[in-house]
Amino acid sequence: MTEIKAERHKARQQKVKEAVDAKVAAATIERGVLMVITGNGKGKSTAGFGTVARAVGHGKKTAVVQFIKGGWDCGERNLLEGVGVPFEVMATGFTWETQNRETDTAAAEKAWAVAETWLKDDSLDLILLDELTYMLSYHYLDLERVLTALKNRPPHQHVIVTGRNCHRQLLELADTVSEIECVRHAFEAGVKAQSGFDY
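All of the points below concern the structure found in this document. (Residues numbered from 1 in each chain as written. Predicted model: local features only at pLDDT ≥ 70, side-chain atom pairs only at ≥ 80, totals over all residues. Heavy atoms only, no water.)

**Quick word on the overall build of the chain**
Next, step 1: Along the backbone of the chain there are eight helices and six strands.
Next, step 2: Order of helices (α) and strands (β) in the chain, N terminus to C terminus: α-β-α-β-α-β-α-α-β-α-α-β-α-β.
Next, step 3: Within the chain, the fraction of its 199 residues that count as buried is 36%.
Next, step 4: Pairs at least 24 apart in sequence give 74% of the contacts found in the chain among residues at least 6 apart.
Next, step 5: With an accessible surface of roughly 12,200 Å², the chain has 53% of that area assigned to carbon and sulfur atoms. (Helix = DSSP H or I, 4+ residues; strand = E, 2+ residues; numbered from the N terminus. Buried < 20%, exposed > 50% of the residue type's maximum accessible area, 1.4 Å probe, protein only. Contact = heavy atoms within 4.5 Å. Areas by Shrake-Rupley, 256 points an atom, 1.4 Å probe, with all protein chains shown as cover.)

**A few points about the environment of Val20**
Next, step 1: In this fold, Val20 is placed in helix 1 (residues 2-26).
Next, step 2: For the pair Val20 and Ala111, spaced 91 residues apart in sequence, the C-alpha to C-alpha distance is 41 Å.

**Section: the nonpolar core**
Most often, soluble globular proteins keep nonpolar side chains buried together rather than apart.
Next, step 1: Phe67, Trp112, Leu129, Leu132, Met135, Leu141 and Leu170 are the most contacted members of the largest nonpolar core, which has 33 residues in total.
Next, step 2: Looking at this core, the elements that each hand over two or more residues are strand 1 (34-38), strand 2 (62-66), helix 5 (101-118), strand 4 (126-130), helix 6 (132-137), helix 7 (143-151) and strand 5 (158-162).
Next, step 3: Residue contributions to this core peak at six residues, all from helix 5.
Next, step 4: Apart from residues no more than four positions distant in its own chain, Leu170 is found in contact with Leu34, Val36, Leu136, Leu147, Leu150 and Val161.
Next, step 5: Ranked by size, the runner-up nonpolar core spans eleven residues in total, among them Ala55, Val64, Leu80 and Ile160. (Core = buried A, V, L, I, M, F, W, Y, C linked by side-chain atoms within 4.5 Å.)

**Quick notes on the packing of helix 5 against helix 7**
Next, step 1: At their nearest, the axes of helix 5 and helix 7 sit 11 Å apart, and the two run at 20 degrees to each other. Judged by the inter-axis angle, helix 5 sits roughly parallel to helix 7. Here helix 5 runs over helix 7; the crossing is left-handed. From helix 5, Glu109, Trp112, Ala113 and Glu116 reach across to helix 7, where they touch Arg145, Val146 and Ala149. (Axes fitted to C-alpha atoms, helices over the stretch in contact; angles between N-to-C directions. Parallel < 35°, antiparallel > 145°, perpendicular 65-115°, else oblique. Left-handed = near helix turned anticlockwise from the far one by under 90°.)

**Remarks on the pattern of salt bridges**
Next, step 1: All told, the structure shown has seven salt bridges when counted by the stated rule.
Next, step 2: Across the salt bridge formed by Asp175 and Arg31, the nearest N and O atoms sit 2.8 Å from each other. Of this pair, Asp175 sits in the loop between helix 8 (168-173) and strand 6 (176-179) while Arg31 sits in the loop between helix 1 and strand 1; the two residues are 144 residues apart in sequence, bridging distant segments of the chain.
Next, step 3: When its relative accessible area of 37% is taken as the criterion, Asp175 is described as partly exposed.
Next, step 4: By relative accessible area, Arg31 is classed as partly exposed at 44%.
Next, step 5: With a closest N to O distance of 3.3 Å, Glu88 and Lys110 form a salt bridge. A residue pair is termed long-range when its members are at least 10 positions apart, and Glu88 in strand 3 (residues 87-89) and Lys110 in helix 5 qualify at 22 residues.
Next, step 6: Residue classification places Glu88 among the buried positions, given a relative accessible area of 14%.
Next, step 7: Overlapping salt bridges bring together Glu109, Glu116 and Arg145 as one network. (Salt bridge = Lys/Arg side-chain N within 4 Å of Asp/Glu carboxyl O.)

**Overview of the pairing of strand 4**
On any regular strand, side chains alternate: one points to one face of the sheet, the next to the other face.
Next, step 1: Here strand 4 lies mainly inside the structure; five of its five residues are buried.
Next, step 2: Here strand 4 shows no split at all, with Leu126, Leu128 and Asp130 on one side and Ile127 and Leu129 on the other all buried.
Next, step 3: Here strand 4 runs beside strand 5; their pairing, made up of four bridges, is parallel. Bridge pairing in strand 5 links Leu126 to His158. (Pairing = 2+ DSSP bridges.)

As structure tokens, this is what we get:
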């Protein structure tokens, strides 16, 4: 009976392997990927930074634009700037802190101007546009301007966009879309954001 189960398992796994191998063989296109990581769950920026770290580990040239984030200490920035990854940080903090649309819009425009320059830079392999989705949903940046820059970037360049409530047109443009769902968050139980884990 054990031998029969083992043989059935082996046969099932062989079919799975054949299906996976066929998909791998069919994937022959090599070009830059636009990835969106959205949803209400925690971990969107963390996933984006993980991919930046992976790229750096492979000797790729990367850059990061942080929208929304404030001027506080950021573990990812501390690490990645130390290995030569350039950062542009909007540094106005969350919009509910500034409560000043004019200031936020100007800061978003300044950060986006740097992003546009990097999206034309053929030497960059990967750009993380962290929390960009908010700049579109709050109308701090022009949607068409953003979409045009993403469409016209160098063919090999990968881009990751993070943030909640991603605009439909940006979702349609993306090659890969991941949505992180919030099942439970420690903050709701009164646990504060902590250095080395949350930022």
